[in-house]
Structure formats: C-alpha cells, structure tokens
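Working through the structure, step by step
Below, each chain spelled out in residue letters.
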Amino acid sequence: MLSAALKPSGLAEMQRSGRPMWFWMLSALFVAAIIGAWLWTPDKSRAVLELRYLRSATDYLDVSGVRLHVRDTGPRAAPAIVLLHGMGASLHTWEPWSEALSDRFRVVRYDIAGFGLTGPDPTGVYTLDRDLQTLADLLDRLGIKRASLAGNSMGGRIAWNFAARYPTRVDRLVLIAPDGFASPGFEYDKFANVPSFLAAMTYALPKSMLHSNLTPAYADPSKLSAATVTRYHDMLLVPGVRGAMLARMGQTKLERPEPILRGIQAPTLLVWGQKDAMIPITNAADYQAVLASAELVVLPSLGHVPHEEDPLASLAPVRAFLQR
C-alpha cells in the first residue's frame, strides 16, 4: 500500500489533498500494523490448553527423553493396539475409535513428538529413526511386548516402518492413507523441500486460514466441525509446536519403500477414502504391488481422515480385521 502511494500519481493526489507526506506515511504504517495484528497468532498458554485437553497429569510419560502425552484405555490384559496420528494432528483425532475399541482392546495413543501436548522434542530431532525408537521405548514403558498398529498418513509411515524393523512386536497392521512414497517436494534420499513461506505460520495462523487448509482432508467439508477446527488450531498453538513441525518437515528424508515393506510380516489392511485429495487412492496400488497379501478397503464417500469424517463406517472393517 505504501509503495502504491509513492507512485507519481499517488504523490500528486496526496499533494492535492492538502495533507503533509508524513500523514500518509503514518497512515500506511498504521494500516499495515492493523493487518499484522489481525494475522499475528501467538502461542497459547500451556496451562490453559491443558485445562481443556489434558485428561490427567498422569497421562504424561517420560519416554526417550520426551514427555509424551499418552492415553492408555481398555482392559490391560486385552490385545493392544497403538493409534498413530498424521501431520498436525494429535491423539484426540482418534477419540471415537478409541472409545469404541476400548471394550475389547487396550488402546494406546499419543501425541507424536513435536505435536499436541507432547510439544517439541528437547533434542530437536524429528527423524524417522527417532520416532521408531520412541514408539519401541513407549511399548517397553507400558509393558507391551506385541501390539497391532494403526496409523494415518504420517502415522501410517511410522507404523509400517516399525512393523518392518520390529516384526516380532507387531500383530496386525492397519494403514489409513499412509505416507511413504515419493511425491512433489518429497523425493527419495533427499531432505524435503520446505517452502520458505511456511515459516510465516510461526507468526501468523488465523483459524480461518487453518480451516481452509483442513477442508481438503474431508470429502464432505460440512463434516468438518467448528470444534474440530478449534482443536487443531489449539494444538498448533502449544508453545513450540509450529517450529517443531517445520523442523520435522525439513528433517524428512524418504527411503525407497519397497525393500522396507518387504520386511513386514504382520497381516496388513489398507484403508483409503476414495475421495482422498491429499494422498490419492491410486497410491494403494504401490503398497499392494509389494504387500501382495495386503487387503484393501475402499471407503467410497470419505477423504483423507475417515476416522474423523465418519468414525463408525471407517472403523467397521478395521474392527473386523483386528478380531479375525
């Protein structure tokens, strides 16, 4: 706005108005400050967020040098399943599934380091190796020798890598639109190309902007509730989380999945929303080409987060697979 005002035509107009130049410069700076103040989104107080989203102080566990936010529900002697969320999400994304599965399973879910109430990893390391070690240490801490894993998107990539590295510790594997194959900006054996403009989100992240970024994850945007948007927004405003998320993006280096996937021994179920606009259902063929025995369940009217968009419909085939 200031540059436009200083063009010859703008200068002439301001001179005709009879107001001095300093008035127009201060006006332009004032407007810029108003816009900046509207967009500026500071972190929220952890204490305030814990009042809303922390069930109990005992849900914090020290694991691998990180204070993990963990929910552990269901009968302790029942078969265990660990639910792993995707980028920008938190353990709360699994609330309906967890409630439904806790009748016959021990359900463990946690905020992966750098997200939710877990917050930043003190080491600043967000590599896949770090994630796998944290998951192994968490299972040890909880006394769980074997568990089924279910992961969505980024959580799916952690799940299938864990199943390949620790085959004796995984009973069954559920991959919900998993990440892992190359895509624009994510090439094999190269660190991810993180656009520099994303750094702006550490200063400005209006809820309306987040809403527009979450909408593509749903096939039916009307199912994205205001409460869900608020939860995602609050979890991104946990102190340090936005910086941690950028650090994780920059430390992501994909390896060719095929040799790793061949190490998976656990029965595997692929779950995909047919209208997934983020990781398209065509990617399922990449997994099936390597995991020949993997089953594929297609959810015709759902998108990238079927466990949020329609918990009942998406859980039905998963429960049948786990109880088989």
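Residues numbered from 1 in each chain as written. Predicted model: local features only at pLDDT ≥ 70, side-chain atom pairs only at ≥ 80, totals over all residues. Heavy atoms only, no water.

Moving on to the overall build of the protein chain. A tally of helices and strands in the protein chain yields 14 helices and eight strands. Per-residue burial over the protein chain gives 49% buried out of 324 residues. For the protein chain, contacts bridging at least 24 residues in sequence account for 75% of all contacts bridging at least 6. (Helix = DSSP H or I, 4+ residues; strand = E, 2+ residues; numbered from the N terminus. Buried < 20%, exposed > 50% of the residue type's maximum accessible area, 1.4 Å probe, protein only. Contact = heavy atoms within 4.5 Å.)

In total, this model carries five aromatic pairs according to the counting rule given. Taking 5.4 Å as the distance between ring centres and 45° as the angle between the ring planes, the aromatic pair formed by Trp94 and Trp97 counts as tilted. Across the pair, exposure class does not vary: Trp94 and Trp97 are buried alike. Considering the side-chain rings of Trp160 and Tyr287, the 6.4 Å spacing of their centres and the 75° angle between planes classify their relative orientation as edge-to-face. Within this pair, whereas Trp160 is found in helix H7 (residues 154-165), its partner Tyr287 is found in helix H12 (residues 284-290), the two being separated by 127 residues in sequence. Neither residue differs from the other here; Trp160 and Tyr287 are each classed as buried. Taken together, the ring pairs connect Trp160, Phe181, Trp272 and Tyr287 into an aromatic cluster. (Phe/Tyr/Trp six-rings, centres within 6.5 Å; stacked < 30°, edge-to-face > 60°.)

Attention now moves to the confidence of the model for the protein chain. Looking at the protein chain, the pLDDT average stands at 89 and 88% of residues meet or exceed 70. Contacts for the low-pLDDT stretch residues 20-35, under 50 throughout, to residues beyond four places or in other chains number nine contacts. (pLDDT = per-residue confidence, 0-100.)

As a further point, take the pattern of salt bridges. Applying the stated criterion to the full structure yields 21 salt bridges. Between Asp72 and Arg76 there is a salt bridge, with its nearest N and O atoms 3.6 Å apart. Residue classification places Asp72 among the buried residues on the basis of a relative accessible area of 14%. With a relative accessible area of 47%, Arg76 lands in the partly exposed category. For the salt bridge of Asp131 with Arg248, the shortest nitrogen-to-oxygen distance reads 2.7 Å. Within this pair, whereas Asp131 is found in helix H6 (residues 128-142), its partner Arg248 is found in helix H10 (residues 241-251), the two being separated by 117 residues in sequence. The buried category is assigned to Asp131, whose relative accessible area is 7%. Since its relative accessible area comes to 3%, Arg248 is described here as buried. Among the ionic contacts, a cluster of salt bridges with common partners joins Arg55, Asp59, Arg71, Glu95 and Arg109. (Salt bridge = Lys/Arg side-chain N within 4 Å of Asp/Glu carboxyl O.)

An α-helical turn contains 3.6 residues, so any two residues separated by three or four positions project in the same direction. Residues of helix H4 (residues 46-53) that are buried include every one of Leu49, Glu50 and Tyr53, and no others. The buried residues of H4 occupy one face: seen down the axis, they fall within an arc of 105°. When the buried face of H4 is taken as reference, the exposed residues oriented beyond 90 degrees from it are Val48, Leu51 and Arg52. Next to the buried residues of H4 lie strand S1 (60-63), strand S2 (66-73) and helix H9 (226-236). The backbone nitrogen of Ala47 lies 3.2 Å from a side-chain oxygen of the residue at the head of H4, namely Ser45. (Arc of directions from axis to C-beta. Polar contact = N/O pair within 3.5 Å; in protein donor to acceptor, adjacent residues only side chain to side chain.)

Take the pairing of strand S5 (residues 147-152) next. By the criterion of burial, S5 is predominantly enclosed, with six of the six residues buried. Neither face of S5 is exposed, since Ala147, Leu149 and Gly151 on one face and Ser148, Ala150 and Asn152 on the opposite face are all buried. Where strand S3 (residues 80-84) and S5 come together, four bridges link them in parallel fashion. Opposite Ile81, over in S5, you have Ser148 as the bridge partner. Direction of pairing for S5 relative to strand S6 (residues 170-176): parallel, over a ladder of five bridges. Bridge pairing in S6 places Gly151 opposite Leu175. (Pairing = 2+ DSSP bridges.)

Here we take up the sheet that holds strand S4 (residues 106-110). Taken together, the eight strands give an open sheet; going across it, the order is S1-S2-S4-S3-S5-S6-S7-S8, and neighbouring strands pair in mixed fashion. Each having just a single partner strand, S1 and strand S8 (295-299) make up the two edges of the open sheet. Ignoring strand direction, the axes of neighbouring strands in this sheet form an average angle of 25°. Each of S3, S5, S6, strand S7 (268-273) and S8 is contacted by helix H14 (residues 311-323), which is oriented at about 160° to S6, the strand it contacts most. (Axes fitted to C-alpha atoms, helices over the stretch in contact; angles between N-to-C directions.)

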